[in-house]
Amino acid sequence: MPTIVGSLRRYALAPSLREVGFAARGFPGILSEATRQLEAIPQTVVCGFEWGMESRDLWEVERRLALIDPYQRGFAYEGATMAFTIRDAMAMNRTRRARDLLAGPGRPHTFLNYIGIGFAMARLPRPLWRRVVPDLAGTPYYPTMSWLAVDGYGFDRAYFDTDRWVGRLERPAPYPWEGSPDYFLRAVDQGIGRALWFIHGGQVDGVAAAVGRFAAGRRADLWSGVGLAATFAGGCDRAGLGTLRRHAGAYRPHLAQGAVFAARARTFSAAVPPHTEDTVAVLTGLSVAAASALADDVAGNGFPSRGEPAYEVWRQRVRAHFDAEPSGTTAH
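Remember, it's a predicted structure, so these values are computed and weren't measured experimentally.

Draft legend 1. Quick peek at the nonpolar core. M145, W177, F184, W197, F198 and L244 are the most contacted members of the largest nonpolar core, which has 100 residues in total. Examining the composition of this core, we find that 11 residues originate from one element, helix α10 (residues 181-199), more than from any other. Discounting residues that sit within four places of it in the chain, W197 has contacts with L38, G202, V204, V207, V226, A229, A230, G234, G235, C236 and L244.

Here's what the structure looks like:
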């Protein structure tokens, strides 16, 4: 049974399933099978969050999350990570719920877990942010991938306050994440780009038009987020993906880079849906296995410090693979 305190926290912090639906959020477009599949993703996150808030122990959360379809399970882990991060941050005594989840049963969903931390950041005062990423020494991609938490924060802001962050194109105040306040803003834009895919229900013309309304200096990171969301979440057929690739124009390497990271996240979780195979093929010309290998191969020698976050150096190396392609190259 859920605890009374857990239920109160859930009702105070969690939107309802209806509230995260596209119609309730006032997103453009019409309901279709594709949009229903896409809006099921934030609803799955809400379920994971509710279970994480109400649970008495890690075992209970793990058992509940195991009931979720494998292709969707990572999104439920996002929500549970969000809940555990908030509970840890608000605890009178230091607790390690998030660390135990991320280093334990949540390990296959490492990429999405960091995004869940970002969702928690959107609900916590900034002074608590320094405590939100647990010590995950010995786990893959730590601490390089912690920038996905900032990405998650950007996604949350754009999804839940769309008029401000997308309509009025506002930006948050910089924050010295890993000592890089300027890059913080870029990582936020990567999350906003992901949100645009959901806000426009995977309709590529609307997504491209939305990216085009942002300042030119922000579009590369936005396109990267679009590529990641389209590849991981789906919602578009091959013809539409080809149109998306054409819309990206000079930003195709950024779109492809996002797709590569999504491919690696999917293979790391050992749950690769058919839409991911199709999207990676169109946006990168690679198979999911090859794209996933590319992500790890370019990281093989580490990331020597040169004034940029290791995460950005990693992204640059992936993009370099696609920068070398002739501009007229067509996807397979």
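So much for the structure itself; the text now carries on.
Draft legend 2. View of the environment of V46. With respect to the helices, strands and loops of the structure, V46 is situated in helix α3 (residues 33-54). Here V46 falls in the buried class, since its relative accessible area comes to 5%. With 71 residues separating them in the primary sequence, V46 and I117 have C-alpha atoms 14 Å apart. Those residues in contact with V46, other than ones at most four positions away along the chain, are P15, L17 and V20.

Draft legend 3. Region of the structure containing unusual backbone geometry. For the bond from Y142 to P143, the omega torsion is 0 degrees, close enough to zero to count as cis. Tracing the sequence through the fold places P143 in the loop between α7 (110-121) and α8 (147-160). Non-glycine residue Y141 carries a positive phi angle of around 70 degrees. Summarising the element assignment, Y141 is placed in the loop between α7 and α8. Positive phi, close to 50 degrees, is recorded for E178, a residue that is not glycine. Its place among the elements puts E178 in the loop between α9 (162-167) and α10.

Draft legend 4. Summary view of the packing of aromatic side chains. Summed over all chains, the structure comprises 20 aromatic pairs. Ring geometry for Y175 and F184: centres 6.0 Å apart, planes at 55 degrees, overall tilted. Put simply, the rings of F22, F27, F119, F155, Y159, F160 and F198 touch in pairs and so form one group of aromatic residues. Above the ring of F160, the side-chain terminus of R123 is found at 5.5 Å from the ring centroid.

Definitions and cut-offs
Numbers given to residues run from 1 along each chain, matching the order in which its sequence is written. For a predicted model such as this one, the threshold for reporting local features is a pLDDT of at least 70, and the threshold for listing and counting side-chain atom pairs is 80 or more; totals across whole chains, interfaces and linings nevertheless cover every residue. Based on all heavy atoms of the structure, the side-chain values leave hydrogens and waters out of the count. Residues belong to a common nonpolar core when they are buried Ala, Val, Leu, Ile, Met, Phe, Trp, Tyr or Cys residues joined through side-chain atoms within 4.5 Å. Throughout this description, buried means an accessible area under 20% of the type-specific maximum (1.4 Å probe, protein chains only), exposed means over 50%, and partly exposed covers the range between. Secondary structure elements follow DSSP: runs of H or I of four or more residues count as helices, runs of E of two or more count as strands, with numbering from the N terminus. The contact criterion used throughout is that any non-hydrogen atoms of two residues lie within 4.5 Å. Pairing of aromatic rings covers Phe, Tyr and Trp, the last through its six-membered ring, and needs centres within 6.5 Å; plane angles under 30 degrees mean stacked, over 60 mean edge-to-face, and all others mean tilted. Two conditions define a charge located above a ring, namely a distance within 6 Å from the ring centre to NZ of Lys or CZ of Arg, and an angle within 35 degrees of the ring normal.

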